[in-house]
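For reference, the chains in residue letters:
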Amino acid sequence: MAMKTKQELKDVFNGLSSLLYQSTVVDLSQGTLEVTPEYDLPCTVDTLQISQEDPTVNHYKVIGLDTDWTSSATLGNMTIQFTVPTKKKEVLTLAYGADAVKDITKLTITTGDADIDNEHGYEGFSIQLKKKKVTGTFILVDEEKENLMVMTNISLWAKPLFENPGTEPFAIQFTGTMEGAGSQSMAWLKKAQAGGYKKSSG
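Fair warning: this is a prediction, and the values are worked out from it, not measured in the lab.

Participant: I tried to follow the overall build of the protein chain on my own but got confused; where do I start?
Facilitator: Within the protein chain, the secondary structure is distributed over one helix and 12 strands. Put simply, the protein chain runs from its N terminus to its C terminus through helices and strands in the order β-β-β-β-β-β-α-β-β-β-β-β-β. Taken over the C-alpha trace, the protein chain has a radius of gyration of 24 Å; the compact-globule value for 202 residues is 17 Å, which it surpasses by more than 25%. Split into buried and exposed, the 202 residues of the protein chain put 26% on the buried side. Nonlocal contacts in the protein chain, meaning residues at least 24 apart in sequence, comprise 61% of its contacts between residues at least 6 apart. When the accessible area of the protein chain is evaluated, it comes to approximately 14,600 Å², of which 52% is carbon and sulfur surface. Charge centroids of the protein chain, computed over 19 positive and 26 negative side chains, lie 6 Å from each other.

Have a look at this one:
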């Protein structure tokens, strides 16, 4: 077989236009799939991180030899993190659960400042900051909307983030991992042309 050149091996995925989410896990071992995202989440630029720690290498040596007799490794932990800059009720329900979000029909405040005080009061909702495991599938769409990166078996937990109120809005930060050991959990797909997908040669 002839050596593959750098240009022949070039197949990059970068630049994002959307971070889509659906609550169900997808079986990426199947040849035909269907996804129906429930949210197109607003994601702060440069906060999306998908990484795996370096493997822990276990060295085994014998007397009289300086190099390893044999070795093994334990794969590093997977980390997924991103920030969603909104306090929309649907996102908070996703983050903490429906039972953690309660409607407030009227709050009356009296300060003497006419710009703050309101005869009709304020309305909104409250949240309980509780631990909730957010699971499902994320679909990353590239800038040209020609390529997808799919991650499934995802497990995330949320925390509120409001560290720089002068310049940055209130946000929810999701942090977690990829579960599903022994199953297909990541996929890259290109928009199909007439004739369908063709396997690369070699």
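The rest of the description comes next.
Participant: Any chance you could explain the layout of surface pockets here in plain terms?
Facilitator: The probe, sized like a water molecule, is rolled over the atoms to show the empty space still left. Taken as a whole, the second largest pocket encloses approximately 420 Å³ of empty space. Lining the second largest pocket are 16 residues, with Leu28, Gln30, Gly31, Leu33 and Leu189 sitting closest to its centre. Listed by contribution, the elements that provide at least two residues to the lining of the second largest pocket are strand 10 (147-161) and strand 12 (186-190). A total of four residues in the lining of the second largest pocket trace back to one element, the largest contributor, which is strand 12. Here the residues of the lining of the second largest pocket sort into 10 nonpolar, five polar and one charged.

Participant: So what exactly am I meant to see when it comes to the nonpolar core here?
Facilitator: One recurring pattern in soluble globular proteins is that nonpolar side chains are buried together. Counting 24 residues, the largest nonpolar core has Phe82, Phe138, Met151, Leu156 and Phe174 as its most contacted members. Mapped by element, the contributors of at least two residues to this core are strand 1 (16-22), strand 6 (78-84), helix 1 (89-96), strand 9 (134-142), strand 10 and strand 11 (171-178). Setting aside residues no more than four positions away along its own chain, Met151 makes contact with Ile50, Ile80, Gly136, Thr137, Phe138, Leu140, Met178, Ser185 and Met186. In this structure, Leu28, Ile139, Val141 and Ala187 belong to the second largest nonpolar core, which totals seven residues.

Participant: Can you walk me through the pattern of salt bridges in this structure?
Facilitator: Charged atoms that come close allow side chains of opposite charge to pair. If you walk through the whole model with that rule in mind, you get six salt bridges. A salt bridge links Glu179 to Lys133; the nearest nitrogen and oxygen atoms lie 2.9 Å apart. Taken together, the positions of Glu179 in the loop between strand 11 and strand 12 and Lys133 in the loop between strand 8 (122-127) and strand 9 put the pair 46 residues apart, joining distant regions of the chain. According to the relative accessible area criterion, Glu179 is partly exposed, its value standing at 37%.

Participant: What is the right way to look at a nonpolar patch on the surface in this model?
Facilitator: Together, Ile104, Leu107, Ile109, Ile116 and Tyr122 make up an exposed nonpolar region whose accessible area comes to about 380 Å². Summarising the element assignment, Ile116 is placed in the loop between strand 7 (101-107) and strand 8. With a relative accessible area of 35%, Ile116 lands in the partly exposed category.

Participant: How do you make sense of the side chain of Thr137 when you look at a structure like this?
Facilitator: Relative to the assigned elements, Thr137 resides in strand 9. A relative accessible area of 0% means that Thr137 is categorised as buried. Of note is the side chain of Thr137, whose polar atom sits 3.4 Å from the backbone nitrogen of Val26. Each residue touching Thr137, except ones within four places of it in the same chain, is listed here: Leu20, Tyr21, Gln22, Thr24, Val25, Val26, Val150, Met151 and Thr152.

Participant: Looking at this structure, I do not really get helix 1. What am I missing?
Facilitator: Helical geometry note: an α-helix holds 3.6 residues per turn, so side chains three or four residues apart project in the same direction. Restricting attention to buried positions, one finds in helix 1 the residues Val91, Leu92, Leu94, Ala95 and Tyr96. Where helix 1 terminates, the next one or two residues include Gly97, which has phi positive at roughly 100°.

Participant: What is the right way to read the packing of aromatic side chains from this model?
Facilitator: Pairs of aromatic rings are described using the distance from one ring centre to the other and the angle between the two planes. This model, assessed by the stated rule, comprises five aromatic pairs. With a centroid separation of 4.9 Å and 45° between ring planes, the pair formed by Tyr21 and Phe138 is classed as tilted. Residue Tyr21 is found in strand 1, and its partner Phe138 is found in strand 9; the two are separated by 117 residues along the sequence. Just as Tyr21 is buried, Phe138 falls in that class too. Among the residues examined, Phe138 registers a relative accessible area of 3% and is labelled buried. One aromatic cluster in this structure is built from Tyr21, Tyr39, Phe82, Phe138 and Phe174.

Criteria and thresholds
- Residues numbered from 1 in each chain as written.
- Predicted model: local features only at pLDDT ≥ 70, side-chain atom pairs only at ≥ 80, totals over all residues.
- Heavy atoms only, no water.
- Helix = DSSP H or I, 4+ residues; strand = E, 2+ residues; numbered from the N terminus.
- Rg over C-alpha atoms; globule rule 2.2 N^0.38 Å.
- Buried < 20%, exposed > 50% of the residue type's maximum accessible area, 1.4 Å probe, protein only.
- Contact = heavy atoms within 4.5 Å.
- Areas by Shrake-Rupley, 256 points an atom, 1.4 Å probe, with all protein chains shown as cover.
- Lys, Arg positive; Asp, Glu negative; His and termini not counted.
- Charge placed at Lys NZ, Arg CZ, Asp CG, Glu CD.
- 1 Å grid on protein atoms, 1.4 Å probe; cavity = no way out; pocket = protein on both sides within 12 Å on 5 of 7 lines; lining within 4 Å.
- Points joined across faces, edges and corners; volume = space filled by probe spheres on them.
- Nonpolar A, V, L, I, M, F, W, Y, C, P; charged D, E, K, R; others polar.
- Core = buried A, V, L, I, M, F, W, Y, C linked by side-chain atoms within 4.5 Å.
- Salt bridge = Lys/Arg side-chain N within 4 Å of Asp/Glu carboxyl O.
- Patch = residues over 30% accessible without salt bridge, like charges linked within 9 Å, V, L, I, M, F, W, Y side chains within 5 Å.
- Polar contact = N/O pair within 3.5 Å; in protein donor to acceptor, adjacent residues only side chain to side chain.
- Phe/Tyr/Trp six-rings, centres within 6.5 Å; stacked < 30°, edge-to-face > 60°.

Shape is all these values report; function is a separate question.
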